4 protein chains.
Amino acid sequence: MPEPTPGPTPGPDRPRRRQARGERRVAQLLDAAARVFCATGYTAASTNSIAREAGVSPGTLYQFFPNKEAIAVELGDQLLTRWQDTYGRALMPDHLGLPLDRLMDAVIDPLIQFNRENPAFAVLMHGSDVPGQVTREHDALHSSMLARVEDILGDYLPDTPKAETARIAHMLFTVFKAGLALILAAEPDERDAYTTELKRVLLRYIQPLVEDCGPPCRADAPRSAG
Amino acid sequence: MPEPTPGPTPGPDRPRRRQARGERRVAQLLDAAARVFCATGYTAASTNSIAREAGVSPGTLYQFFPNKEAIAVELGDQLLTRWQDTYGRALMPDHLGLPLDRLMDAVIDPLIQFNRENPAFAVLMHGSDVPGQVTREHDALHSSMLARVEDILGDYLPDTPKAETARIAHMLFTVFKAGLALILAAEPDERDAYTTELKRVLLRYIQPLVEDCGPPCRADAPRSAG
Amino acid sequence: MPEPTPGPTPGPDRPRRRQARGERRVAQLLDAAARVFCATGYTAASTNSIAREAGVSPGTLYQFFPNKEAIAVELGDQLLTRWQDTYGRALMPDHLGLPLDRLMDAVIDPLIQFNRENPAFAVLMHGSDVPGQVTREHDALHSSMLARVEDILGDYLPDTPKAETARIAHMLFTVFKAGLALILAAEPDERDAYTTELKRVLLRYIQPLVEDCGPPCRADAPRSAG
Amino acid sequence: MPEPTPGPTPGPDRPRRRQARGERRVAQLLDAAARVFCATGYTAASTNSIAREAGVSPGTLYQFFPNKEAIAVELGDQLLTRWQDTYGRALMPDHLGLPLDRLMDAVIDPLIQFNRENPAFAVLMHGSDVPGQVTREHDALHSSMLARVEDILGDYLPDTPKAETARIAHMLFTVFKAGLALILAAEPDERDAYTTELKRVLLRYIQPLVEDCGPPCRADAPRSAG
DNA sequence: GATGAATGAGGATTCATTCAT
DNA sequence: TATGAATGAATCCTCATTCAT
């Protein structure tokens, strides 16, 4: 009797059991989905095209995913896990003491590297083209990353109110996502320059905030109520 | 006076003189399109839904626009014109000498105001959800705005190489678009705070650049090859 | 008070009156229709495209023709008249005594010439692409021409039963139409050869028939019940 | 035995193995298409009407055919094959030595018989109603039949230049198609008479040509450059 | 007369999803 | 499991025709 639900999040609403072959199929399908999402965007991607790209029939796809959204969600999960396994987990503990500019390199460079290798990550983080509309497809990825930013930022700004940290983190993450898209879309020989520029934007934004909280610093824009 | 237009086949770009009713319909349709684009995004918006929203039949829509793309293009043109007529034209000449923080207010506040009143503007500027893919729909709006940023920036950084100015402008505009989306999506009582934050990001990014070119200043990150 | 209905066939179901301007419009429209029919075929031709080609609005077209079919019918009438005025009427009386091969030249050459100048003639004669379906659009042209063939043939075969003459005429006309299409579609430098060939087909077909009825002749296929 | 087809994206022309049901559907759809093409002609036939006639949904049709053209092409292929299997293949080898009139019977009678049983054949051979426009839909059928005519004719006219044989074959085939349409459209009690007549046309046309190449014969129209 | 606006059913085609095998 | 078949509503777009101006 094989283990019924070995995968992650075996919640009550996911009765689909995966065994060896199944896991391979899922990987196949998620790979295909990543490719299709990158090529055509989430909205325009069709389940049939994903199945075709994966070399399986539509029916097979639906044996593993209840609908298109679930594919995006699971792809997001997988990419997040892959990110954490590859760079993320290794990243954090050590770097918390770094000076800001070093931190920036330590955070941004792997992120960009990872996104170059997994362009679907950016697609899913970005969400659909409806601004301000949070969809379940992208939410997990998005909020998980955002939470990480908040965590790190919280460590650097221990005395700042939660709400404000959240806002700053949101802004940081938003700017990063936009810059990332710019970098990924740039001509290859421009990418490094854009990367440098993105780091500058982010660094200059948070540097004063962090200095505010430490030794005497020149507050170029005194913080008050937002 | 018989036959005002006697010549046959007067070329494909015949002025196609529209009657008053037609002008009204076009406005109606563009309004409807703006609403639908905001509600569902450009990709998911269907011509039929736009026609329905406008209260006309699909055929009527196609009497004025050859396809969905044309609607977006014309809506973009209209919004751009409206922007220039409302704020844009008034904006520029005066403010070129302003200190940066005042410039920021002078530029960002009207833009956000305008986007609040015309949320389709942001949708069209943002483009589709396929990253790095330029579509004719959004290009006019996008490049027009970008060009303005480049212009203004060029005035403030006269000694910087063109390529670098372009890059900085691109980054500025990208960050602005992202921040704008954040502001528009934010809870109403958070919007001002996010606006302040966005200005901070932008200001801190360009302040050192501008100071570099003027009086002695503390260059926190000396510029070299990008 | 201008003459109300000067045109031909002022039947009771055609109350549309035409005056000077109107006649010009009709000519314009029929010219345009001829061009469009030739370019796309009758079925695919749209009234809107005809109006566009004529440089008028759809409404104007419908002021002169109740529907698409009527355009084809009237175009057929016009072409038939033009044919008769140009070649047809002049043709007949003189040639009735000609030997067959001369008759053939006298009939076929002008017909081909006329069709080269008025390619819509062939389109309308040919009818739609539904074989064996007679449509009002093409019927007038078709049966008028066919009747002429029958007439001429009747003169050459006075002793042959009506039904047989009709059949032979039908076959002759059918072959002619097909050969005509072949000639019109042929490469320019092939047209004369195809024309010669078509005449050969027709001539060899009727020569024995005619000889049967006259002087002694070798009946290569004795006629009996059809 | 797990996963019989492990390779992903096995090329666009993957055999696309069809299940029994699918084969039946294809046959059903081609049958329906044949009926609709005969009833309304190719141009006016709609994929929806074909699907309706076949008793399936539009989506089902598109699972087997990418578009209307493909239906016509496949139907043409099928009819051609059916023709060759039924009459064509049996026909040829034996009859090459036959006297012309017997050959005519041997060729024309089965053709007419087959077309009576498969009237779509004629529709597809005939092509659209745009004269001189070759469409992929009809080309296969048309050129295949034409090639056969050329072959046979070449055997009877071995000394005639290729270009001339081609022209004669083209004319023969054209006349046959036209006569066939006439026969199919004729009243049932007229059909045999029309068939006889068609054979007469064709026979009289080629008889002199063939005799030219053999024993002394009366050349009623000496051949020279076309 | 002339125009352009308006219609709405119908065209081809796609797609997320379910089902029989 | 895996497959391909099946669905039918929805997609974009066209067209013959009518109507208000």
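Per chain, residue numbering runs from 1 following the sequence as it is written. Each chain gets a letter, beginning with A, and each ligand a number, beginning with 1, in the order they are written. Residues qualify for local features only when their pLDDT is at least 70, as the model is predicted, and side-chain atom pairs are given and counted only at 80 or more; totals for whole chains, interfaces and linings, by contrast, use all residues. Side-chain metrics rest on all non-hydrogen atoms present in the structure, leaving aside hydrogens and water.

K.L.:
Describe the relation of the copies chain B and chain A, and please don't skip the residues or the numbers.
P.N.:
Superposition record for chain B on chain A: RMSD 0.3 Å, screw rotation 179°, translation along axis 0.1 Å. The two molecules are tied by a two-fold rotation axis, judged by turn and shift. The contact rule is simple, with two residues in contact once any of their heavy atoms fall within 4.5 Å. Both copies share a contact surface, since 98% of the interface residues of chain B are interface residues in chain A too. Alignment of the copies relies on least squares applied to C-alpha atoms, considering only residues that score at least 70 for pLDDT in both.

K.L.:
Just give me the short version of the packing of aromatic side chains, but keep the residues and values in it.
P.N.:
Two rings belonging to Phe, Tyr or Trp (six-membered ring only in the last case) form a pair when the distance between their centres is within 6.5 Å. Interplanar angles under 30 degrees mark stacking, angles over 60 mark edge-to-face geometry, and anything in between is tilted. For the coordinates displayed, the defined rule picks out 18 aromatic pairs over all chains. Ring plane angle 80° and centroid distance 6.0 Å describe the contact between C:Tyr87 and C:Phe114, whose orientation is recorded as edge-to-face. A residue pair is termed long-range when its members are at least 10 positions apart, and C:Tyr87 in helix α4 (residues 68-95) and C:Phe114 in helix α5 (residues 100-117) qualify at 27 residues. Per residue, the accessibility class of C:Tyr87 equals that of C:Phe114, and both read buried. Each residue in the set B:Trp83, B:Tyr87, B:Phe114 and B:Phe121 is aromatic and connected to the rest through ring pairs, giving one cluster. The criterion is that NZ of a Lys, or CZ of an Arg, lies within 6 Å of the ring centre and within 35 degrees of the ring normal, and then a charge sits over that ring. Its guanidinium or amino end placed over the ring of A:Tyr42, A:Lys68 lies 5.0 Å from that ring's centre, counting from NZ or CZ. Only DSSP runs of H or I with at least four residues qualify as helices, and only runs of E with at least two residues qualify as strands; both kinds are numbered from the N terminus onward. To sort residues, take the accessible area from a 1.4 Å probe on protein chains only and compare it with the maximum for the residue type: under 20% means buried, over 50% means exposed, and anything in between is partly exposed.

K.L.:
Tell me what's going on with helix α1 (residues 20-40) of chain D, and back it up with residues and numbers.
P.N.:
All names here are of chain D. Residue count minus one, scaled by 1.5 Å, sets the expected span of a helix. The end-to-end C-alpha separation of α1 is 30 Å, in line with the 30 Å expected for 21 residues at 1.5 Å each. By the burial criterion, the buried members of α1 are Gly22, Val26, Leu29, Leu30, Ala32, Ala33, Ala34, Val36 and Phe37. Remark: glycine 41 follows α1 within two positions and exhibits a positive phi of approximately 85°.

K.L.:
Lay out the protein's contact with DNA strand F with the relevant residues and their values.
P.N.:
Taken together, 40 residues sit near DNA strand F, with A:Thr60, B:Tyr62, C:Thr47, D:Arg25 and D:Gln63 positioned nearest. We call a residue near a molecule or strand as soon as one heavy atom of that residue lies within 4 Å of the molecule or strand. Within 4 Å of the protein, atoms of DNA strand F come from sugar and phosphate in 66% of cases. Polar contacts, as used here, are pairs of N or O atoms within 3.5 Å; protein pairs need one atom able to donate a hydrogen and one able to accept it. Residues neighboring in sequence count only if both atoms are side-chain atoms. Between DNA strand F and C:Tyr62, the relevant distance is 3.0 Å, taken from a phosphate oxygen to a side-chain nitrogen or oxygen of the residue. Within the contact set of DNA strand F, a sugar or linking oxygen lies 3.3 Å away from a side-chain nitrogen or oxygen of D:Arg21.

K.L.:
Please give an account of the domain arrangement of chain A that cites residues and values.
P.N.:
The accessible area lost on association of the parts is a frequent measure of interface size. Residues and elements named next belong to chain A. How far each domain reaches was decided by an automatic or database domain assignment. By domain assignment, chain A separates into domain 1 (17-65) and domain 2 (68-213). With 14 residues of domain 1 at the interface, the matching set in domain 2 holds 15 residues. Buried surface at the junction of domain 1 and domain 2, both sides included, amounts to about 1300 Å², of which 72% is carbon and sulfur. Among the residues domain 1 hides against domain 2, the three largest losses belong to Leu30, Phe37 and Tyr42. Together they make up 46% of the total. Using a 1.4 Å probe, buried area is obtained as the accessible area two parts lose upon being combined, added over both of them.

K.L.:
An account of the interface of chain B and chain A is needed here, citing residue identities and associated values.
P.N.:
With 42 residues of chain B at the interface, the matching set in chain A holds 41 residues. Buried area between chain B and chain A, both sides added, is near 3700 Å², and the carbon and sulfur share of it is 61%. Among the residues of chain B in contact with chain A, B:Asp129, B:Arg167 and B:Arg204 are the three that bury the most area, contributing 19% of the side total. Salt bridge, as used here: a side-chain nitrogen of Lys or Arg that lies within 4 Å of a carboxyl oxygen of Asp or Glu. The interface formed by chain B and chain A contains two salt bridges.

K.L.:
Requested: an account of the nonpolar core, with residues and values cited.
P.N.:
Counting residues in each nonpolar core, the largest one holds 131 residues, and the members touching the most others are C:Phe37, C:Leu75, D:Phe37, D:Phe65 and D:Leu75. In this structure D:Phe37 touches D:Tyr42, D:Ala45, D:Ile50, D:Ala72, D:Leu75, D:Val123 and D:Leu124, once residues within four positions along its chain are discounted. What is meant by a nonpolar core is a set of buried Ala, Val, Leu, Ile, Met, Phe, Trp, Tyr and Cys residues, joined one to another through side-chain atoms within 4.5 Å. In terms of nonpolar packing, the next biggest core, distinct from the first, is built from 130 residues, A:Ala72, B:Leu29, B:Ala51 and B:Val175 among them.

K.L.:
Outline the pattern of salt bridges, supporting the account with residue identities and numerical values.
P.N.:
By the definition in use, this model includes 28 salt bridges over all chains. In this structure, B:Arg148 engages B:Asp151 in a salt bridge whose closest nitrogen and oxygen atoms are separated by 3.2 Å. Taken together, the positions of B:Arg148 and B:Asp151, both in helix α7 (residues 136-156) and three residues apart, correspond to about one turn of that helix. By relative accessible area, B:Arg148 is classed as partly exposed at 25%. For B:Asp151, a relative accessible area of 45% corresponds to the partly exposed category. Notably, a salt bridge pairs D:Arg35 with D:Glu53, separated by 2.4 Å at the nearest N-O pair. Here the residue D:Arg35 occupies a position in helix α1, and D:Glu53 occupies one in helix α2 (residues 47-54), the gap between them amounting to 18 residues. Salt bridges linked by common partners bring A:Asp105, A:Asp109 and A:Lys199 together as one network.

K.L.:
Outline the protein's contact with DNA strand E, supporting the account with residue identities and numerical values.
P.N.:
Around DNA strand E, a shell composed of 40 residues is seen, among which A:Thr47, B:Arg25, B:Gln63, D:Ser46 and D:Tyr62 lie nearest. For DNA strand E, the backbone makes up 65% of the atoms found within 4 Å of the protein, where backbone means sugar plus phosphate. One of the side-chain nitrogen or oxygen atoms of B:Gln63 is found 2.5 Å away from a base nitrogen of DNA strand E. Where the surface near DNA strand E is concerned, the elements lending two or more residues are α2 (47-54) and α3 (58-64) of chain A, α1 (20-40) and α3 (58-64) of chain B, α1 (20-40) and α3 (58-64) of chain C together with α2 and α3 (58-64) of chain D. A per-class count over the surface near DNA strand E returns nine nonpolar, 22 polar and nine charged. Only Asp, Glu, Lys and Arg are considered charged in this grouping, and only Ala, Val, Leu, Ile, Met, Phe, Trp, Tyr, Cys and Pro are considered nonpolar; every other residue, Gly among them, is considered polar.

K.L.:
An account of the packing of α1(D) against α2(D) is needed here, citing residue identities and associated values.
P.N.:
All names here are of chain D. Contact geometry of α1 with α2 gives a least axis separation of 8 Å together with a crossing angle of 120°. Put simply, α1 runs oblique to α2. Where α1 crosses over α2, the two elements pack in a sense that is right-handed. Residues Gln28, Leu29, Ala32, Ala33, Arg35, Val36 and Phe37 of α1 touch α2, and the partners they reach there are Ser49, Ile50, Glu53 and Ala54. Of the residues assigned to the contact of α1 with α2, the class counts are seven nonpolar, two polar and two charged. Helix axes are fitted only over the stretch in contact, all axes being lines through C-alpha atoms; the angle between N-to-C directions runs from 0 to 180 degrees. Any angle that is under 35 degrees is reported as roughly parallel, and any over 145 degrees as roughly antiparallel; angles of 65 to 115 degrees are reported as roughly perpendicular and all others as oblique. Two helices that cross are described as forming a left-handed crossing if the nearer one is turned anticlockwise from the farther one by less than a right angle, and a right-handed crossing if clockwise.

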